[in-house]
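Chain and residue survey
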There are 2 protein chains.
Amino acid sequence: MASGEGKKSGEGKKPNANAKGGGKKKEVKKETGLGLSFKKEENFGEWYSEVCVNGEMIEYYDISGCYILRPWTMAVWEMMQTFFDAEIKKMKIKNCYFPLFVSPAVLQKEKDHIEGFAPEVAWVTKSGQSDLEVPIAIRPTSETVMYPYYSKWIRGHRDLPLRLNQWCNVVRWEFSHPTPFIRSREFLWQEGHTAFATKEEADKEVLDILELYRRIYEEYLAIPVIKGKKSELEKFAGGFYTTSVEAFIPNTGRGIQGATSHCLGQNFAKMFDITFENEKGEKAMVWQNSWAYSTRTIGVMVMVHGDDKGLVMPPKVASVQIIVVPVPFKDADTQAIFDACDATVNTLNEAGFRAEADLRDNYSPGWKYSHWEMKGVPLRIEIGPKDLANKQVRAVRRDNSAKIDIPMVNLVEQVKDMLDNIQQNLFDVAKHKRDACVKTVRTWDEFIEALGQKKMILAPWCDEMEVEKDVKARTKGETGAAKTLCAPFDQPDLEGVNCFVTGRPGKKWSYWGRSY
Amino acid sequence: MASGEGKKSGEGKKPNANAKGGGKKKEVKKETGLGLSFKKEENFGEWYSEVCVNGEMIEYYDISGCYILRPWTMAVWEMMQTFFDAEIKKMKIKNCYFPLFVSPAVLQKEKDHIEGFAPEVAWVTKSGQSDLEVPIAIRPTSETVMYPYYSKWIRGHRDLPLRLNQWCNVVRWEFSHPTPFIRSREFLWQEGHTAFATKEEADKEVLDILELYRRIYEEYLAIPVIKGKKSELEKFAGGFYTTSVEAFIPNTGRGIQGATSHCLGQNFAKMFDITFENEKGEKAMVWQNSWAYSTRTIGVMVMVHGDDKGLVMPPKVASVQIIVVPVPFKDADTQAIFDACDATVNTLNEAGFRAEADLRDNYSPGWKYSHWEMKGVPLRIEIGPKDLANKQVRAVRRDNSAKIDIPMVNLVEQVKDMLDNIQQNLFDVAKHKRDACVKTVRTWDEFIEALGQKKMILAPWCDEMEVEKDVKARTKGETGAAKTLCAPFDQPDLEGVNCFVTGRPGKKWSYWGRSY
């Protein structure tokens with residue numbers, strides 16, 4: 001599942017300074033959060049690594065391609081998980097947990113599938129000092145882990161639908177350039193695996209799940225995505241068709257597959273003998289789906305919203321939405337200011353916000369501002385002697401640096417408005433930037449020009465696999481080949497439009513571009 | 001961590017019929033839930049395997065020692081997780097996620113620790129067709145995975161305490177007899193890893209966490225446990241001291257370590273150089289704890305409460321607390337009965353219970369009773385024509401088969417009372433059985449006699465490691481050697497009491513017995 005998840009060469013590079021875990025007391029400057037050494041516009045790859053580390057989302061680990069997910073990351077993951085898990089439970093999808101390991105015979109049962117994953121499967125061959133009799137694979141995804149048991153559990157039409165999900169880690173031992181969240185050898189995800197009596201039910205679920213993925217990106221992470229269908233070349237290995245939500249990173253001009261919802265058709269059912277007796281007493285084969293989103297989502301969030309001061313967290317997923325900072329002044333009543341900070345935090349938390357005060361006495365207010373800006377906290381509240389006297393606080397937005405004085409009596413109401421506004425503004429700004437990168441083309445020359453301008457290219461084509469292969473071959477270069485991202489469900493008119501490559505009648509509009 | 005977790009030879013054996021996963025349409029009788037072929041009193045090991053499978057908690061997997069956790073299991077796990085996760089968050093412990101993999105150099109840094117785990121570490125040596133340059137271990141626990149980064153992150157006293165937890169899978173490739181939940185090669189757990197400036201803080205947390213483990217067992221799983229301290233021989237490999245909650249399985253006469261909360265002292269801090277500048281500006285070493293509970297908890301629940309009709313789920317962790325079964329009668333108004341079932345479920349769910357109706361028309365009420373008894377649903381509600389006429393329902397308890405007619409007007413109130421009562425009764429019955437197995441002895445002869453009677457033996461001893469080794473050697477037999485389970489915090493008087501082995505003055509009372 002999510003076959004495109006971490007398959008192509010990315011641009012992120014880890015700065016050497018942060019590359020080694022366990023180094024003692026190095027790089028103090030960076031890690032105290034006082035600024036970034038790289039700029040997003042100038043050196044995106046280095047900037048990205050640095051902001052992940054200095055924002056305390058990621059720590060590099062001493063095994064290449066593995067990363068430590070710090071609490072600042074896990075809180076985001078858990079917030080998305082809470083949403084998604086509740087939604088799928090409403091759909092009567094149940095959680096389960098299948099083993100991490102899969103035996104080679106089972107793994108290799110579906111030929112197209114294993115061809116897609118074989119090169120990056122990690123193999124356990126020893127335990128303690130002893131060799132195992134048979135090497136055992138670590139799951140890169142769990143179709144082959146699960147489906148022998150679907151075959152066992154499903155007998156009659158009353159056993160359908162069977163709808164399971166698991167939250168787990170998977171391993172894909174890739175050798176292309178590792179990037180935190182985006183391309184890692186181990187990652188966390190959910191994977192749903194469902195079986196239905198009819199294609200119609202499977203088709204419907206594919207879209208229901210895709211809509212949840214859209215909501216994760218747009219409503220939670222404030223990132224605009226395009227829903228569509230993958231080309232035959234880009235679909236899931238062994239599947240029938242793949243739908244996805246596609247995001248775009250303007251700085252690198254690359255599309256990024258956000259999450260995938262696959263209809264597997266009856267292909268795995270055939271290989272794993274997943275049949276049932278239908279209502280007429282005839283033997284029939286199930287229709288299957290699988291779908292997944294991973295911690296990659298968090299990397300897209302960092303890439304899209306982060307700036308030269310650090311992370312920018314959307315309020316809906318920020319583990320701290322409001323940081324309250326006391327601004328004492330030499331003659332002022334420091335204790336009264338600290339008390340006001342505590343009271344403000346209490347008021348906000350009681351109103352359902354996630355607020356904290358930073359009352360440390362060994363850092364200046366300015367240091368704290370930088371620190372929490374690096375961590376991307378959406379709203380900062382400053383309380384100084386003047387604010388105290390005027391029964392107000394000063395609120396500073398992380399997204400646009402706007403400052404506003406809020407009377408204490410309006411605190412909850414105005415903070416709510418501001419957080420809502422920040423969430424919406426992050427989405428609007430991201431959408432504006434993304435839209436500015438979209439270019440519609442109709443000819444090869446226009447396509448090449450747009451590709452050079454790092455665009456997300458909407459182009460009509462004949463939908464032939466050979467043509468996509470040809471485009472990939474002809475655009476192959478240092479920064480990676482262009483390919484289809486998806487054919488958007490929202491299709492422009494095709495009347496009289498020809499393929500931008502072959503000139504043959506256009507069969508669909510697709511987004512094209514380089515991608516992660 | 002949890003060094004005793006799955007270390008000794010158990011008694012559970014899987015019936016051959018269920019041993020192979022993926023077998024198609026075999027064993028229909030068993031899997032439709034119509035009865036168990038083994039009795040708990042007569043053949044505990046076979047009974048346990050069968051009840052795990054037929055109750056749909058576990059499916060055997062085609063790799064020995066790995067098990068599929070089905071939704072009926074995951075719901076219990078998630079309910080405990082919700083409780084524990086909220087409690088540790090109140091303690092300001094934060095969730096993180098460290099990699100599955102650990103490099104050999106780091107794994108071997110703490111000598112005692114690796115000695116304890118080395119024989120059962122699984123090694124990845126290949127990816128795709130290529131050999132890795134260096135084999136990589138899969139975490140059996142994460143002390144060595146995490147602590148190099150604790151060394152990096154902790155600099156000053158203000159960085160303390162550092163309190164992290166992760167929910168994850170770990171792998172211990174054991175060759176002793178695998179048993180679902182109790183001894184599996186991969187299992188799910190949480191592992192907390194914390195660092196403090198002082199021993200006092202660490203000591204306090206060890207007990208705070210242990211109390212949460214007691215609550216999981218006693219309040220959620222309705223299983224009595226004994227809190228205590230492990231002997232030097234049984235403590236965590238590389239740790240300072242280990243506390244645990246110990247349960248007991250009367251049928252096998254074996255103790256079972258329920259969960260462990262370790263103080264690691266400064267041993268790992270020394271090996272991993274985890275130091276900080278204290279308030280006086282001096283370099284000091286941190287005090288560390290680690291603590292864990294695993295899916296083993298669920299196995300203990302099955303063993304303690306299950307009976308010859310199947311699982312018995314405590315209401316607080318049952319994913320379905322009440323199953324509503326229509327009992328149509330040939331001349332009766334079937335639709336009205338079905339409607340009454342739906343209405344009952346709605347009323348109960350709106351009141352906050354987890355209720356479902358089984359309206360399948362291809363199974364008889366009798367079949368459904370057996371099915372839901374096998375799954376251990378705490379309360380069954382039957383609705384037939386007479387109930388409908390009398391505006392009542394019939395409620396049947398899973399724990400003691402008591403039947404009671406409930407007027408519809410009192411439904412919510414009486415169901416609440418019954419579920420509370422079931423929860424309490426399960427605990428009381430389990431405690432009564434456990435207490436009946438406890439035997440206090442003072443001499444070797446009494447000890448051997450009690451061991452033969454499968455008792456949980458409370459005996460005074462001199463607390464010498466050599467003596468425990470001697471007891472293990474002298475009691476070694478087919479069913480495993482006796483060892484200390486724990487020294488209970490609640491100590492009987494030691495005045496004038498001598499060691500039951502050496503006759504020397506007794507230093508503490510400990511529980512002894514065979515164990516899982």
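Definitions and limits used
Residues numbered from 1 in each chain as written. Chains lettered and ligands numbered in written order. Predicted model: local features only at pLDDT ≥ 70, side-chain atom pairs only at ≥ 80, totals over all residues. Heavy atoms only, no water. Helix = DSSP H or I, 4+ residues; strand = E, 2+ residues; numbered from the N terminus. Rg over C-alpha atoms; globule rule 2.2 N^0.38 Å. Buried < 20%, exposed > 50% of the residue type's maximum accessible area, 1.4 Å probe, protein only. Areas by Shrake-Rupley, 256 points an atom, 1.4 Å probe, with all protein chains shown as cover. Lys, Arg positive; Asp, Glu negative; His and termini not counted. Charge placed at Lys NZ, Arg CZ, Asp CG, Glu CD. Disulfide = S-S within 2.5 Å. Least-squares fit on C-alpha atoms with pLDDT ≥ 70 in both. Contact = heavy atoms within 4.5 Å. Domains from an automatic or database assignment. Buried area = accessible area lost by both parts, 1.4 Å probe. Salt bridge = Lys/Arg side-chain N within 4 Å of Asp/Glu carboxyl O. Polar contact = N/O pair within 3.5 Å; in protein donor to acceptor, adjacent residues only side chain to side chain. Nonpolar A, V, L, I, M, F, W, Y, C, P; charged D, E, K, R; others polar.

Along chain A, the regular secondary structure elements total 16 helices and 23 strands. For 516 residues, the compact-globule estimate of 2.2 N^0.38 gives 24 Å, and chain A sits close to it at 25 Å. Projecting the C-alpha coordinates of chain A onto the three principal axes gives extents of approximately 85 × 55 × 50 Å. Every one of the 516 residues in chain A was classed for burial, and the buried ones make up 61%. Carbon and sulfur atoms provide 49% of the accessible area of chain A, an area that totals close to 19500 Å². Positive and negative charge centroids in chain A, built from 72 and 72 side chains respectively, lie 2 Å apart.

All names here are of chain A. For the bond running from L160 to P161, omega is -10°, close enough to zero to count as cis. A positive phi angle is found at S401, which is not glycine, with a value near 65°. Locating S401 in the fold gives a position in the loop between β18 (392–397) and β19 (403–407).

All names here are of chain A. Scanning all chains against the criterion turns up 0 disulfides over all chains. Just so you know, C168 is unpaired, no disulfide at all, and the nearest cysteine sulfur is the one on C96, 8.8 Å from it. Residue C168 is classed as buried on the basis of its relative accessible area, which comes to 7%.

Time to look at the relation of the copies chain B and chain A. Two copies of one chain are present, and they are related through a rotation about an axis combined with an axial shift. Rotating chain B by 180° and moving it 0.0 Å along the rotation axis overlays it on chain A with an RMSD of 0.0 Å. The superposition operator between the copies reduces to a two-fold rotation axis. In terms of proximity to the rotation axis, the leading residue of chain B is B:V124, whose C-alpha is 2.1 Å off the axis. Both copies contact each other with a shared surface, as 99% of the interface residues of chain B are interface residues in chain A too.

Residue and element names in this part refer to chain A. Partitioning chain A into domains gives domain 1 (95–296), domain 2 (322–434) and domain 3 (438–515). Centre-to-centre separation of domain 1 and domain 3, based on C-alpha positions: 27 Å. Contacts between the two partners involve 20 residues from domain 1, matched on the other side by 19 residues from domain 3. For the domain 1 and domain 3 pair, buried surface summed over both sides reaches about 1700 Å², with 62% attributable to carbon and sulfur atoms. Considering only the side of domain 1, the residues that lose the most area to domain 3 are I226, L233 and R254, jointly responsible for 31% of the buried surface there. In this structure, K472 engages E234 in a salt bridge whose closest nitrogen and oxygen atoms are separated by 3.0 Å. Scanning the region where domain 1 abuts domain 3 turns up 11 residue pairs in polar contact (both at pLDDT 80 or more). Among the elements of the structure, α8 (199–220), β9 (226–229), β10 (241–249) and β11 (254–265) are those that each provide at least two residues to the side of domain 1 that touches domain 3. For the side of domain 1 that touches domain 3, the per-class residue count stands at 5 nonpolar, 8 polar and 7 charged.

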